[in-house]
Amino acid sequence: MFARTIATVSLLGFLATAGPTRAEGPPRRVEDVIVVTVDGFRHQEFFGGADETLMDAKAGGVPDIAGLKRQYWRETAEARRETLLPFVWGTIAKQGQVFGDRTRNAPAKLTNGKKFSYPGYNEMFCGFGDDRIISNAKVSNPNRSVLEFLNERPSLKGRVAAYCTWDVFPFIFRSAQNGLHVHAGWVPIRDEPLSERQRLANLLVERLPRYWPDNTFDAVTMEAAREYVLKHKPRVLFIGLGETDEWAHGRRYDLYLRAAHESDRFLDELWHMLQQMPEYAGKTALLLTTDHGRGGTQADWTSHGPGVEGAENLWIAVIGPDTPALGVRSGVETTQSQVAATIAGLLGEDFAAASPRSAPALPDVCQAAKK
Ligand SMILES: [Zn+2]
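Scoring rules and cut-offs
Residues numbered from 1 in each chain as written. Predicted model: local features only at pLDDT ≥ 70, side-chain atom pairs only at ≥ 80, totals over all residues. Helix = DSSP H or I, 4+ residues; strand = E, 2+ residues; numbered from the N terminus. Rg over C-alpha atoms; globule rule 2.2 N^0.38 Å. Buried ≥ 20, exposed ≤ 12 C-beta atoms within 10 Å, placed from the backbone. Contact = placed C-beta atoms within 7 Å. Axes fitted to C-alpha atoms, helices over the stretch in contact; angles between N-to-C directions. Parallel < 35°, antiparallel > 145°, perpendicular 65-115°, else oblique. Nonpolar A, V, L, I, M, F, W, Y, C, P; charged D, E, K, R; others polar. Pairing = 2+ DSSP bridges. Core = buried A, V, L, I, M, F, W, Y, C linked by C-beta atoms within 7 Å.

1. So, the overall build of the protein
No. 1: Secondary structure assignment for the protein yields 16 helices and 11 strands.
No. 2: For the protein, whose C-alpha radius of gyration is 21 Å, the value lies close to the compact-globule estimate of 21 Å for 371 residues.
No. 3: Summarising its shape, the C-alpha atoms of the protein cover approximately 85 × 50 × 40 Å along the three principal directions.
No. 4: Buried positions account for 49% of the 371 residues belonging to the protein.
No. 5: Long-range pairs, those at least 24 residues apart, make up 68% of the contacts in the protein between residues at least 6 apart in sequence.

See the structure below:
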């Protein structure tokens, strides 16, 4: 009897110190968050797979139409998207959540009105569209991003990093001022002693054609990011992939689809690698989204910007141990500005309180559903 009283008292004491953050639901399991963006990848392909009207020589610039159709054309939208993005539709959509399906009255949109990259990444990581950001110029962001905010938390200091194909990201995250680890564009990895794969990645950076001077090939950034995870085990990692946007601007629908498919394959490999690592297994969330959409016609699918109708439409997908498996969400409208607070919220941090202009986190994503 006496022993039980002591046990009860200690339990009450424990509950009291656990405090209000734990009172509303089960304990938080997420300790690490990976954010991946696929630049300018349209909701049309995300939800519907390959678009038949673009698998041609003129509108899509496709050299081998029959080969492309064999690879990605299927009779139904569901089969097409599962073929194009097997990890997204086979794993994230089943075990996590997907926002942005306009056929389910659940549009996801950017609010910045610009419909190009810097304003989009600012909205995504700073939590609001900012009228001061009017170009992709390499100008330091006036706003604090959620990555900077998280890197200021004592428990996360130095454990937040970004690997990006596009060389404007150091300015978007203003890493020169805040010391955030941002690796971007055609620069070699400096992380001595280099691993064998890091040395190979650096060799490729040196020898590959600089096809886009400001944007490296996705495979280079993927390898650099993967090695960073293995060597340094970051708690928060952003990986920005850019080939989808570049091939679309170049009117190469075959290479645009291929880049999306390779991005999905990379996510699959990364996710399974993380589940083999004790630092990440069962306590990592993954958020996947894009900075903007593109036009919806044969003429303007290559393009995006303030005058391009439909380029405001996006998609957002989340998977993790605290995110209920609600699948493709219906009847919920979301915005790009909600991503920042979601990234923080997955880690139990309140970005909206620290950055008052930030939109709230996505609904029912950051904490397992209340019983
Ligand atoms: Zn673009």
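2. Some thoughts on the packing of helix α12 (residues 218-232) against helix α14 (residues 253-274)
No. 1: At a closest axis distance of 11 Å, the pairing of α12 and α14 adopts a crossing angle of 10°. Between α12 and α14, the interaxial angle falls into the category roughly parallel. Mapping the contact onto sequence places Asp218, Met222 and Arg226 in α12 and Ala259, Glu262, Ser263, Phe266 and Leu270 in α14.
No. 2: Taken together, the residues of the contact of α12 with α14 sort by class into four nonpolar, one polar and three charged.

3. Considering unusual backbone geometry
No. 1: A cis geometry characterises the amide bond from Glu192 onward to Pro193, with omega recorded as -5°.
No. 2: Relative to the elements of secondary structure, Pro193 occurs in the loop between β5 (181-184) and α11 (196-207).
No. 3: Here the phi dihedral of Lys115 falls at roughly 60°; this positive angle occurs in a residue that is not glycine.
No. 4: For Lys115, the location among the structural elements is in the loop between β3 (108-109) and α7 (117-126).
No. 5: Despite not being glycine, Lys233 shows a phi value in the positive range, around 50°.
No. 6: Following the sequence through the fold, Lys233 ends up in the loop between α12 and β6 (236-241).

4. Here's the deal with the sheet that holds β3
No. 1: The three strands lie next to each other as β8-β3-β11, forming an open sheet whose pairing is mixed. The strands lining the two open edges of the sheet, one partner per strand, are β8 (313-314) and β11 (334-335).
No. 2: In the sheet, β3 pairs with β8 via two bridges, with the strands oriented antiparallel. When the sheet's bridge partners are listed, Lys109 is paired in β8 with Asn313.

5. Concerning the pairing of strand β9 (residues 316-319)
No. 1: Alternating positions in β9 separate into two faces, Ile316 and Val318 on one and Ala317 and Ile319 on the other, with burial throughout.
No. 2: By the bridge criterion, three bridges tie strand β2 (residues 97-99) to β9 in an arrangement that is antiparallel. Considered in β9, the bridge of Val98 is made with Ala317.
No. 3: As paired strands, strand β7 (residues 284-289) and β9 are joined by four bridges and run antiparallel to one another. By the bridge assignment for β9, Leu288 is matched with Ala317.

6. Overview of the sheet that holds β5
No. 1: The strand order across the open sheet built from eight strands is β5-β4-β6-β1-β7-β9-β2-β10, with neighbouring strands paired in mixed fashion. Two strands close off the open sheet at either side, each with one partner strand: β5 and β10 (327-328).
No. 2: Alignment of strand β1 (residues 32-38) against β7, held across six bridges, turns out to be parallel. Paired with Val36 across the two strands is Leu288, which belongs to β7.

7. Observations regarding helix α15 (residues 338-346)
No. 1: Counting buried residues in α15 gives nine out of nine residues, a clear majority hidden from the surface.
No. 2: Those residues of α15 not exposed but buried are Gln338, Val339, Ala340, Ala341, Thr342, Ile343, Ala344, Gly345 and Leu346.
No. 3: Positive backbone phi, approximately 80°, marks Gly348, located one or two places after α15.

8. Topic: the nonpolar core
No. 1: Val33, Leu147, Ala162 and Ala340 are the most contacted members of the largest nonpolar core, which has 98 residues in total.
No. 2: Broken down by element, the residue count for this core peaks at eight residues, all from α14.
No. 3: For Val33, the contacting residues outside a window of four places in its chain are Val236, Ala285, Leu287, Ile343, Leu346 and Leu347.

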